[in-house]
Amino acid sequence: MDVVVLPTPADIARAAADRIADIVSQRPDTVLGLATGSSPLPLYQELARRHREEGLSLAQTQAFLLDEYVGLPADHPEAYRNVIDREFISLVDIPREAVNSPSGTAEDMTAACAAYEEAMRAAGGVDIQILGIGTDGHIAFNEPASALTSRTRLTTLTKQTRADNARFFNSLEEVPMHAVTQGLGTIMEAREILLIATGTSKAEAVAQLVEGPISALWPATVLQNHQHTTVFVDEEAGANLQLRDYYAHVHHNRPGA
Ligand code: GLP
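Throughout what follows, the structure given in this document is the object of discussion. Predicted, not measured: the structure shown is a model, and the values here were computed from it.

Considering the pairing of strand 3 (residues 62–65)
Relative to strand 3, strand 2 (residues 31–34) runs parallel, the two being bridged by four bridges. Each bridged residue has a counterpart across the sheet, and for Val-31 the counterpart in strand 3 is Gln-62. Crossover connection from strand 2 via helix 2 (residues 41–54) to parallel strand 3: handedness right-handed. Where strand 3 lies against strand 5 (residues 99–100), two bridges are found, and the strand directions are parallel.

With respect to the site of the ligand
Every one of the 13 residues lining the ligand counts as a neighbour, but Ser-38, Ser-39, Asp-67, Arg-167 and Lys-202 are closest to it. Between an oxygen atom of the ligand and a side-chain N or O atom of Lys-202, the distance comes to 2.6 Å. For the ligand, the accessible surface in isolation is 390 Å², of which the surrounding protein chains cover 95%. Residues belonging to the shell around the ligand are distributed by class as follows: four nonpolar, six polar and three charged.

Some details on the environment of Leu-172
Looking at where Leu-172 falls in the secondary structure, it is placed in the loop between helix 5 (159–165) and strand 8 (178–181). Overall, Leu-172 belongs to the partly exposed group, its relative accessible area being 37%. Linking Leu-172 and Lys-159, residues 13 residues apart in sequence, is a C-alpha distance of 9.6 Å. Once you skip the residues sitting within four places of it in the chain, Leu-172 turns out to touch Arg-162, Ala-163 and Ala-166.

Overview of the packing of aromatic side chains
Evaluation of the coordinates by the stated rule reveals seven aromatic pairs. Judged by centre distance (5.8 Å) and plane angle (65°), the rings of Phe-64 and Tyr-116 are edge-to-face. Linking Phe-64 in strand 3 with Tyr-116 in helix 4 (residues 109–122), this pair joins segments that are 52 residues apart in sequence. Tyr-116 shares its class with Phe-64; the two are buried. Ring pairs connect the aromatic residues Tyr-69, Tyr-80, Phe-141 and Phe-169, which therefore count as one cluster.

Digging into the packing of helix 1 (residues 9–26) against helix 2
Any two packed helices are characterised by the angle at which their axes cross and by the distance between the axes. Contact pair helix 1 / helix 2: the axes reach a minimum separation of 8 Å and the direction vectors enclose 55°. In terms of axis orientation, helix 1 runs oblique to helix 2. Relative to helix 2, the crossing made by helix 1 is right-handed. Contacts between helix 1 and helix 2 involve Pro-9, Ala-13, Arg-14, Ala-16, Ala-17, Asp-18, Ile-20 and Ala-21 from the first element and Pro-42, Leu-43, Glu-46, Leu-47 and Arg-50 from the second. Partitioning the contact of helix 1 with helix 2 into residue classes produces nine nonpolar, no polar and four charged.

With respect to the side chain of Thr-36
If you trace the backbone, Thr-36 turns up in the loop between strand 2 and helix 2. Assessed through its relative accessible area of 15%, Thr-36 is described here as buried. Excluding residues within four positions of it along the chain, Thr-36 makes contact with Asp-67, Tyr-80, Val-83 and Ile-84.

Thoughts on unusual backbone geometry
Backbone phi values are negative for most residues with the exception of glycine, while trans is the configuration of most peptide bonds. Despite not being glycine, Ala-140 has its phi angle at roughly 50°, a positive value. Tracing the backbone shows Ala-140 in the loop between strand 6 (128–131) and strand 7 (153–156). Although it is not a glycine, Ala-145 sits at a positive phi angle of roughly 80°. The class for Ala-145 is exposed, based on a relative accessible area of 66%.

Concerning the sheet that holds strand 4 (residues 67–69)
Read from one edge of the open sheet, three strands run 4-8-7, paired in antiparallel fashion. Of all strands in the sheet, those with a lone pairing partner are strand 4 and strand 7, marking the two edges. Averaged over all pairs of adjacent strands, the angle between their axes in this sheet comes to 30°, without regard to strand direction.

Some details on the pattern of salt bridges
On inspection of all chains with the given rule, the structure shows 18 salt bridges. Of the charged contacts, one joins Arg-86 and Glu-78 as a salt bridge, the two residues approaching to 3.7 Å between their closest N and O atoms. The exposure class assigned to Arg-86 is partly exposed, which follows from its relative accessible area of 37%. With relative accessibility at 14%, the residue Glu-78 sits in the buried group. Counted as one network, the salt bridges with shared partners bring together Asp-18, Glu-46, Arg-49, Arg-50, Arg-52, Glu-53 and Glu-54.

Reading the values: the criteria
Residues numbered from 1 in each chain as written. Predicted model: local features only at pLDDT ≥ 70, side-chain atom pairs only at ≥ 80, totals over all residues. Heavy atoms only, no water. Pairing = 2+ DSSP bridges. Helix = DSSP H or I, 4+ residues; strand = E, 2+ residues; numbered from the N terminus. Right-handed = clockwise from strand over helix to strand, strands pointing away. Near = heavy atom within 4 Å. Polar contact = N/O pair within 3.5 Å; in protein donor to acceptor, adjacent residues only side chain to side chain. Areas by Shrake-Rupley, 256 points an atom, 1.4 Å probe, with all protein chains shown as cover. Nonpolar A, V, L, I, M, F, W, Y, C, P; charged D, E, K, R; others polar. Buried < 20%, exposed > 50% of the residue type's maximum accessible area, 1.4 Å probe, protein only. Contact = heavy atoms within 4.5 Å. Phe/Tyr/Trp six-rings, centres within 6.5 Å; stacked < 30°, edge-to-face > 60°. Axes fitted to C-alpha atoms, helices over the stretch in contact; angles between N-to-C directions. Parallel < 35°, antiparallel > 145°, perpendicular 65-115°, else oblique. Left-handed = near helix turned anticlockwise from the far one by under 90°. Salt bridge = Lys/Arg side-chain N within 4 Å of Asp/Glu carboxyl O.

Here it is as structure tokens:
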């Protein structure tokens, strides 16, 4: 796991966009894994700017979303499919039909989850997965006590996650109780992962993610077993890291750089 502490969310957005642009230039038909939440928004804005101003094209990419609320009408503005469309897809040239998302309205959830996994496999798997992290250490909607090998499935949100996400709704009661999420085992199959965390509220989750014991209590800790994960944090989110100075030292003294 590489840990990169940068001064501001804008610096993180540029660094993460550099990596994505690099991968897409090597492989135009890259399979992107997209996350919702506020943490990746500056990255999406930076990619959109590069598309508008510098000719970055994502036209041959495909995308898979991590998760979706259950029970929101398909046209609800906070359904993740619509959020990602508004905040990213509509600003770049990824064809809408190349964007896949778990269904939050399927009658047969088990079959829909299995079909989603199959679609990911058929696409050749995710090349680069963008992730945020919840204050309770969740990634996608894998809440504490999720199996570290879990697959795409229906899950129940914690009180804390519903409270954290209430800011996107009119009230806490409106936040769905359930969601469909890629599992931890599913996410672990992405070839490369970029996790973005900013702000003081993420400091404890980030310290657990990077330096805590691998535990279902902090689901993101499973990423310690991933071969190619970069964790981008700003000063606030990185404030509780014990080996902060060492991560900066590693970043500035890369072999061959
Ligand atoms: C949601 C999403 C996660 C996201 C997390 C953090 O619950 N399901 O994918 O990482 O919130 O969101 P934010 O970046 O807004 O703090």
